[in-house]
Amino acid sequence: MFYQLFIALTIISAGSTYSGLVLEKTKTLTSSLGVKSVLFNPQGTKLYALNLEGGSIYEFSQSEKKLSREIVFERTSARGLDYGSNRSIASFAEKPVEACFINQILWVSLHNAGGIIPILPDTPSLNKTRPNIADAKAIVIDLEKQRRDTIGFPLIKTGKTPKVIATTADYSHLLVSNWSDKTIAVLKLNDTLPPYGRIIASLKMPATPRGIAIDNSNDKSYVAIMGGNKIMVINNHTWKVEKTFIVPSNPRHVVTAAPNRLFVSFNSGSQIACINARTGKILFKAKTCLQPRTIALSENQQFIFVTCYKGNTLDIFKINSNSFRKIYSLSCTGKPVGIAIHEDEERLEAWVGNYMAGNLKVFTFKKSY
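Conventions and cut-offs
Residues numbered from 1 in each chain as written. Predicted model: local features only at pLDDT ≥ 70, side-chain atom pairs only at ≥ 80, totals over all residues. Heavy atoms only, no water. Phe/Tyr/Trp six-rings, centres within 6.5 Å; stacked < 30°, edge-to-face > 60°. Helix = DSSP H or I, 4+ residues; strand = E, 2+ residues; numbered from the N terminus. Buried < 20%, exposed > 50% of the residue type's maximum accessible area, 1.4 Å probe, protein only. Lys NZ or Arg CZ within 6 Å of the ring centre and 35° of its normal. Core = buried A, V, L, I, M, F, W, Y, C linked by side-chain atoms within 4.5 Å. Contact = heavy atoms within 4.5 Å. Pairing = 2+ DSSP bridges. Axes fitted to C-alpha atoms, helices over the stretch in contact; angles between N-to-C directions. Salt bridge = Lys/Arg side-chain N within 4 Å of Asp/Glu carboxyl O.

Trainee: Explain the packing of aromatic side chains here, please?
Mentor: Centre-to-centre distance and the angle between the planes together describe a pair of aromatic rings. Considering all chains together, one arrives at 13 aromatic pairs under this definition. Judged by centre distance (5.6 Å) and plane angle (75°), the rings of Tyr-83 and Trp-179 are edge-to-face. Taken as a pair, Tyr-83 in the loop between β6 (77–82) and β7 (87–92) and Trp-179 in the loop between β15 (173–178) and β16 (183–189) lie far apart in primary sequence, 96 residues in all. Taking the relative accessible area as the measure of exposure, Tyr-83 reaches 40% and is therefore partly exposed. An aromatic cluster is present here, built from Phe-263, Phe-284, Phe-317 and Phe-324 joined pairwise through their rings. The ring centre of Trp-179 lies 4.9 Å from the NZ or CZ of Lys-163, which sits over that ring.

Listed below in structure tokens is the structure:
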């Protein structure tokens with residue numbers, strides 16, 4: 001019995017102490033136009049690709065690497081935003097941008113609808129329980145069961161052009177960055193009754209916000225002001241801004257890591273940086289290929305993955321105590337934006353969404369110890 005326990009503990013420990021990644025293979029999966037973000041469900045069995053221009057969300061099986069369901073939104077006319085000219089254009093409301101799983105609810109921001117919707121992908125019937133508040137509708141196409149269902153979702157208005165959605169560890173609150181309104185909406189959640197949340201605060205930002213990272217150990221949230229050169233620090237008890245970090249211009253994405261570190265991508269400067277989460281001081285940084293967008297960390301926090309939109313690459317760095325060391329710059333044509341990481345004891349998969357190509361590229365690595 002003791003020997004078996006020792007072996008089990010050794011295996012668990014090994015999963016967190018690997019020090020290398022060896023690329024084994026790649027696979028390309030067709031999605032739809034404008035893959036903006038990707039994420040796994042809490043079990044890691046399904047990946048969801050949010051197709052901004054396709055007005056849809058595609059569900060893929062992690063193990064089989066194939067499309068299993070499509071959630072295709074019913075389009076309604078709305079005004080959109082031309083990012084080049086910063087002018088309003090004719091578009092439609094139901095353009096999914098980013099998402100966040102809270103238990104079995106998939107929260108999705110809709111670019112031109114001014115808010116977010118909750119989706120229960122594993123229990124489609126529950127999406128029909130309140131048809132009187134179904135502000136967004138979609139057809140769910142189950143490719144395995146050969147079935148089509150029409151479902152509806154309540155829309156919670158958060159602000160104009162919502163982007164990133166982030167949750168606290170206890171799933172009690174949700175934060176949403178509203179690009180055009182220059183605000184952060186704070187929601188108090190209730191997972192038993194639609195629409196499952198309500199706005200309790202709206203925080204004005206100095207310029208366009210995008211990335212949000214929540215540090216649950218210190219009860220702080222960090223907001224990347226992509227339209228400027230700041231990271232705003234929010235107190236998660238008072239829901240007020242308590243300090244501002246001055247950083248290089250155009251910070252897009254931010255993630256937290258131990259101990260008291262932030263990792264940030266700087267889109268226009270084509271670099272990533274490690275920042276002290278208490279002081280805002282840059283500890284170290286590195287150049288990436290052009291226009292780094294989304295970043296993701298391995299489970300052991302020893303590797304950082306960076307999608308480089310204009311560079312058409314997936315850049316991977318080993319994180320040392322005081323530096324980044326690039327170990328891969330992998331071709332990923334089609335303007336990569338979103339990324340999600342899946343791991344088991346032996347392998348790590350990086351699922352990358354290519355915006356212009358409308359596909360996913362899955363990079364599989366073998367862990368080395």
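Trainee: Got a minute to help me understand the nonpolar core in this structure?
Mentor: Note on soluble globular proteins: their nonpolar side chains tend to be buried together. In this structure, Ile-57, Phe-73, Leu-106, Val-108, Ile-117, Ile-119 and Phe-153 are the most contacted members of the largest nonpolar core, which totals 22 residues. Breaking this core down by element, the ones donating at least two residues are β3 (46–51), β5 (66–73), β8 (96–102), β9 (105–110), β10 (115–119), β11 (136–142) and β12 (147–153). Every residue in contact with Ile-117, bar those within four places of it in the chain, is listed here: Phe-73, Leu-106, Trp-107, Val-108, Leu-110, Ala-136, Phe-153, Pro-154 and Leu-155. The next biggest cluster of nonpolar side chains, apart from the first, holds 16 residues, and it includes Ala-166, Met-205, Ile-214 and Ile-225.

Trainee: Sorry, what's going on with the sheet that holds strand β1 (residues 20–30) here?
Mentor: As a general point, the strands of a sheet are linked pairwise by backbone hydrogen bonds and lie either parallel or antiparallel. In spatial order, the strands read β1-β32-β31-β30; together these four strands make up an open sheet with antiparallel pairing. Each of the sheet's edge strands pairs with one partner strand only, and the pair in question is β1 and β30 (336–343). For this sheet, the mean angle separating the axes of adjacent strands, direction not counted, is 20°. Strand direction decides the pairing type here: β30 and strand β31 (residues 347–354), joined by seven bridges, are antiparallel. If you follow Pro-336 over to β31, its bridge partner there is Asn-354.

Trainee: Would you mind going over the side chain of Lys-95 with me for this structure?
Mentor: Residue position: Lys-95 is located in the loop between β7 and β8. Judged by relative accessible area, which is 8%, Lys-95 ranks as buried. Excluding residues within four positions of it along the chain, Lys-95 makes contact with Leu-52, Glu-53, Ser-109, Leu-110, His-111 and Asn-112.

Trainee: Looking at this structure, I do not really get the side chain of Ser-265. What am I missing?
Mentor: Relative to the helices and strands, Ser-265 resides in strand β23 (residues 261–266). Classification of Ser-265 by relative accessible area gives buried; the value is 0%. For Ser-265, the residues in contact, after removing those within four places along its chain, are Asn-250, Pro-251, Arg-252, His-253, Gln-271, Ile-272, Pro-292, Arg-293 and Ile-295.

Trainee: Explain unusual backbone geometry to me, please; I cannot follow it from the model alone.
Mentor: Most peptide bonds are trans, and most residues other than glycine sit at a negative phi. Omega for the bond connecting Pro-194 with Pro-195 falls within 30 degrees of zero, at 5°, which places this linkage in the cis form. The peptide bond linking Ala-258 to Pro-259 adopts the cis configuration, its omega dihedral lying at -10°. Of note, Pro-259 is situated in the loop between β22 (251–257) and β23. Even without being a glycine, Thr-161 presents a positive backbone phi close to 55°. Tracing the sequence through the fold places Thr-161 in the loop between β13 (156–157) and β14 (162–167). With a phi close to 55°, Asn-260 is a non-glycine residue in the positive phi region. The topology assignment puts Asn-260 in the loop between β22 and β23.

Trainee: Looking at this structure, how should I read the environment of Ser-368?
Mentor: As for its position among the elements, Ser-368 is in strand β32 (residues 359–368). On the accessibility criterion, Ser-368 (27% relative accessible area) is partly exposed. In this structure, the C-alpha to C-alpha distance between Ser-368 and Phe-266, residues 102 residues apart in sequence, is 30 Å. Aside from chain neighbours lying at most four places away, what touches Ser-368 is Tyr-18, Ser-19, Gly-20 and Leu-21.

Trainee: Can you help me understand the pattern of salt bridges in this one?
Mentor: Pairing between side chains becomes possible if they bear opposite charge and their charged atoms approach one another. Applying the stated criterion across every chain yields a total of 13 salt bridges. Taking the shortest distance from any N to any O, the salt bridge between Arg-69 and Asp-122 comes out at 3.7 Å. One end of the pair, Arg-69, is in strand β5; the other, Asp-122, is in the loop between β10 and β11, and 53 residues separate them in sequence. When its relative accessible area of 11% is taken as the criterion, Arg-69 is described as buried. Each of the salt bridges in this network shares a partner with another, and the network as a whole consists of Lys-46, Glu-59, Arg-69 and Asp-122.

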